[in-house]
Amino acid sequence: MQDNNGMNNEMKFEDFESMLEDSLNPPSKGSIVKGSVVAINGTDILVNIGYKSEGVIDKSELENNGELTVKVGDEIEALVEGVQGGGGYVRLSRKVLNQQRDFDEILEKFEKNKPVAVKIENFNDKGFTGKVGEVSVFIPSNHIDVRNKIKDSKSYIGKVLNCKILKVDRKSKSILASHKLYIVEAAEMEKNELFDSIKEGDKVKGKVKTIKEYGVFINIGAVDGFLHRDNIDWGKVKHPSKYLEVDDVVETVVLNVDKENKKIELGLKQLKEDPWNKVAEKYPLESEAKGRVVTRRKKGYVVELESGVDGFIPEEELSWIKNSSVKLERGDMVEGKVIGVDNDHKKVLMSLKLLSENPWITLKNNHPEGSVVTGKIKSVTDFGIFVDFGAHIDGLIRKIDISWTEDIQDLNEKFKAGDEITAKILKIDEDKERISLGIKQLEKNPWKDIDKLLPSGKVLDVEVIEVNKENVVVALPKDLKGIIPAKELDENKVIPEEFCKVGDTLKVVVLKIDKRNREILLSVKKYKLDSEKREVKEYLKQIEDNSDSTFNLGTLIKGKIDEIK
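Everything numeric here is computed off the predicted structure, so don't read it as measured data. (Residues numbered from 1 in each chain as written. Predicted model: local features only at pLDDT ≥ 70, side-chain atom pairs only at ≥ 80, totals over all residues. Heavy atoms only, no water.)

Attention now goes to the overall build of the protein chain. The secondary structure content of the protein chain amounts to 9 helices and 32 strands. A fraction of 57% describes how many contacts in the protein chain between residues 6 or more apart in sequence connect residues 24 or more apart. Total accessible area on the protein chain is roughly 35,300 Å²; 47% of this is exposed by carbon and sulfur atoms. (Helix = DSSP H or I, 4+ residues; strand = E, 2+ residues; numbered from the N terminus. Contact = heavy atoms within 4.5 Å. Areas by Shrake-Rupley, 256 points an atom, 1.4 Å probe, with all protein chains shown as cover.)

Shown next, in the form of structure tokens:
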């Protein structure tokens, strides 16, 4: 028992000797010591560090915003800056200790290429100064931010910015850093991580960044995804601004990931069911569909029936009349009958004409071939007359179908647009969309019975209606015209203009009828010769019939001689 007590007393004595030795040997410069605060005076704080004299720390090093952070009795750690006065004065620094530790941590991050958080304190014409703990940091002006984000220099003061360490000065314990490079590298790293994880079909949320006519750029974190105009809605999108606004937060689906070029294509409409899937159910054959004309194509019109479902009206389905003037304008509301579904081009085929009566059928029912119609002249041309008789289709009266007998050279002299006219339907050609009309067919063709009407040799009294160098034209029954050639005017050669004039009446005989060329040739000369022959016959007949002896051939001849005298 006594031995143990002796041993303990011996150990305590050795400890005491060690402590005494430490108290007599001053701490070395740069060493780290621990101690407790024993007093706080004016500008100094006294710390018992186990030395014969207390260590002294500048009070400002333990203040934060003017408030002291320690009190008497607190244990602190500090760095020995030096021993003065023959070991009677030990200068301590908490700030230098923290700076050393902060610097060591910065060196470690520099070696591992890790960023540091810098608190910006000031700026000058060259750049910005700040601190990482107790270590000074300088950031050049062109490294404070990326180009499109540089703000007023004052706006950075007091902010903590993550920066990439560019250079370490061990002597001055300061660093050169760049916030811009940190942003660029961090964004690139984040981008790579995103492209490593993202895949087609993923749903992502993002904020609308930019809206263009052709599409929308949406920020989904490290990158901006592109939402093409055609992928905004199943219907036709005229401009994305009608669907989205800048800063809108939207959910989209990833359509394509281009890792090589770091591009992502997004879709919005793909989050909804394609309305085309229900087209067969909503637009069956023979049903009626209504929509708005959105554009014209080479062979028809595109009609928006609903968002994502378009109809198509072929040109030939606009009207029963192939060459009609029916035209549709963008924005027109139209209604048609469904005649088919084009799944390849995603179009509901429509017909406008099937919702109206076929005018050709109506025409044939109301005005069959051979019927007489009355209408108004629409136009007069060199070859005929176009007539509107209220059947939505124009009829044509060709020049040759105007008169059986009259050859009208200029139709405008006899017919005018707007005049009412009656004609017979000669032929209805639905395929060629032609209706042939005739005026002359309203009367019987006089040429069919011309031989009975004007047999060869018939004597007529005719009126002269035209005289020229070659012949004389005269009026005949049934509006027919006859021609008297110049040589048929007299036995002797005469000039027609001197022989007769318009309005004169002539005795003629039918000489010849040319049905093919529809010409009736007459002769005055033949009429005179025939008259003389008839007179001779009559005289001869008188001789034969008269039995009076006083009447003989000599007497007859003498009588004729007397007439000549």
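Still to come is the rest of the account.
Looking at the protein chain, pLDDT values average 85 and 90% of them are 70 or higher. Contacts for the low-pLDDT stretch residues 16-23, under 50 throughout, to residues beyond four places or in other chains number 5 contacts. (pLDDT = per-residue confidence, 0-100.)

Turning to the environment of lysine 507, a few remarks are in order. By the element assignment, lysine 507 lies in strand S31 (residues 505-514). Judged by relative accessible area, lysine 507 falls into the partly exposed class, the value being 38%. As a C-alpha pair, lysine 507 and lysine 526 span 19 residues in sequence and 10.0 Å in three-dimensional space. Other than its neighbours up to four places away in sequence, lysine 507 contacts Val459, Leu460, Asp461, Val524 and Tyr527. Polar side-chain contacts of lysine 507 include one of 3.1 Å to the side chain of aspartate 461. (Buried < 20%, exposed > 50% of the residue type's maximum accessible area, 1.4 Å probe, protein only. Polar contact = N/O pair within 3.5 Å; in protein donor to acceptor, adjacent residues only side chain to side chain.)

A contiguous patch of positive charge, built from Lys236, Lys238, Lys242, Arg292, Arg297 and Arg330, is present on the exposed surface. Tracing the sequence through the fold places lysine 238 in the loop between strand S15 (224-228) and strand S16 (249-258). (Patch = residues over 30% accessible without salt bridge, like charges linked within 9 Å, V, L, I, M, F, W, Y side chains within 5 Å. Salt bridge = Lys/Arg side-chain N within 4 Å of Asp/Glu carboxyl O. Lys, Arg positive; Asp, Glu negative; His and termini not counted. Charge placed at Lys NZ, Arg CZ, Asp CG, Glu CD.)

Bringing the pattern of salt bridges into the picture now. When their charged atoms lie close together, side chains carrying opposite charge are able to pair. The tally for this structure, following the rule as stated, stands at 17 salt bridges. Of the charged contacts, one joins lysine 282 and glutamate 306 as a salt bridge, the two residues approaching to 2.8 Å between their closest N and O atoms. Residue lysine 282 is found in helix H4 (residues 279-282), and its partner glutamate 306 is found in strand S19 (residues 300-306); the two are separated by 24 residues along the sequence.

Take the sheet that holds strand S26 (residues 420-429) next. A barrel is described by the order of its strands in space; here 5 strands give the closed sequence S23-S24-S25-S27-S26, paired in mixed fashion. Averaged over all pairs of adjacent strands, the angle between strand axes in this sheet comes to 55 degrees, irrespective of strand direction. Relative to strand S24 (residues 384-388), strand S23 (residues 372-380) is paired through 4 bridges, and the arrangement is antiparallel. If you follow serine 379 over to S24, its bridge partner there is phenylalanine 386. (Pairing = 2+ DSSP bridges. Axes fitted to C-alpha atoms, helices over the stretch in contact; angles between N-to-C directions.)

Glycine aside, a negative phi is what most residues show, and trans is what most peptide bonds show. One non-glycine residue with positive phi stands out, namely aspartate 247, at about 80 degrees. In this structure, glutamate 286 is a non-glycine residue whose phi angle is positive, near 75 degrees. Summarising the element assignment, glutamate 286 is placed in the loop between H4 and strand S18 (288-297). Judged by its relative accessible area of 55%, glutamate 286 falls in the exposed class.

Here we take up the side chain of glutamate 317. Checked against the element boundaries, glutamate 317 lands in the loop between strand S20 (309-314) and strand S21 (333-342). For the buried glutamate 317, which has no salt bridge, the nearest side chain bearing the opposite charge is lysine 353, at an N-O separation of 4.2 Å. For glutamate 317, the residues in contact, after removing those within four places along its chain, are Ile339, Met350, Ser351, Leu352, Lys353 and Leu354.

Looking now at helix H3 (residues 179-197). Helix length check: H3, at 19 residues, gives a terminal C-alpha distance of 27 Å against a target of 27 Å (1.5 Å per residue), a fit within 8%. Those residues of H3 that sit buried are His179, Leu194 and Phe195. When H3 is viewed along its axis, its buried side chains cluster within an angular range of 135 degrees and face the same direction. Exposed residues on H3 whose side chains face more than 90 degrees from its buried face are Met189 and Asp196. In the core, the buried residues of H3 are packed alongside strand S10 (135-140), strand S11 (160-169), strand S12 (174-178), S16 and strand S17 (263-267). Taking the backbone nitrogen of lysine 180 as reference, a side-chain oxygen 3.4 Å away marks serine 178 as the first, capping residue of H3. (Expected span 1.5 Å × (residues − 1). Arc of directions from axis to C-beta.)

Time to look at helix H5 (residues 359-366). Among all positions of H5, only Pro359, Trp360 and Leu363 are buried. What you see down the axis of H5 is that its buried residues fit within an arc of 100 degrees, all on one side. Where the residues of H5 are buried, they touch S26 and strand S27 (434-438).

For the rest of this paragraph, the subject is a negative patch on the surface. A surface patch of negative charge is lined by Glu491, Glu532, Glu535 and Glu538. Looking at where glutamate 491 falls in the secondary structure, it is placed in the loop between strand S30 (481-485) and helix H7 (496-499).

Next up on the list: the pairing of S27. Of all 5 residues in S27, 4 are buried; the element is thus mostly enclosed. For strand S25 (residues 394-398) and S27, the ladder comprises 2 bridges, and the chain directions are parallel. Note that in S27 the partner of isoleucine 397 across the bridge is leucine 437. Sheet topology note: the S26/S27 ladder contains 5 bridges and is antiparallel. Bridge pairing in S27 links aspartate 429 to arginine 434. Hairpin connection, S26 to S27: the antiparallel pair is bridged by 4 residues, and glutamate 433 has positive phi, about 55 degrees.

Before going further, it helps to examine the sheet that holds strand S8 (residues 116-123). The strands making up a sheet are joined through hydrogen bonds of the backbone, oriented either antiparallel or parallel. In space, the 5 strands of this closed barrel follow the order S8-S9-S10-S12-S11, with mixed pairing throughout. When the angles between neighbouring strand axes are averaged without regard to direction, this sheet yields 50 degrees. Note: S8 against S11, 4 bridges, orientation antiparallel. Opposite lysine 119, over in S11, you have valine 160 as the bridge partner. Contacts between helix H2 (residues 94-111) and the sheet are confined to S8, strand S9 (127-132), S10, S11 and S12, with S11 contributing the most and set at about 85 degrees to the helix. Along the sheet face, H3 touches S10, S11 and S12 and points at about 110 degrees away from the line of S11.

Turning to the packing of aromatic side chains, a few remarks are in order. According to the stated counting rule, one finds 5 aromatic pairs in the structure shown. Consider the rings of phenylalanine 123 and phenylalanine 128, whose centres lie 6.0 Å apart with planes at 40 degrees: the pair is tilted. Exposure remark for phenylalanine 123: the relative accessible area of 32% places this residue in the partly exposed category. The class of phenylalanine 128 is buried, set by a relative accessible area of 3%. Between phenylalanine 383 and phenylalanine 386, the ring centres sit 6.0 Å apart and the planes meet at 90 degrees, which makes this aromatic pair edge-to-face. (Phe/Tyr/Trp six-rings, centres within 6.5 Å; stacked < 30°, edge-to-face > 60°.)

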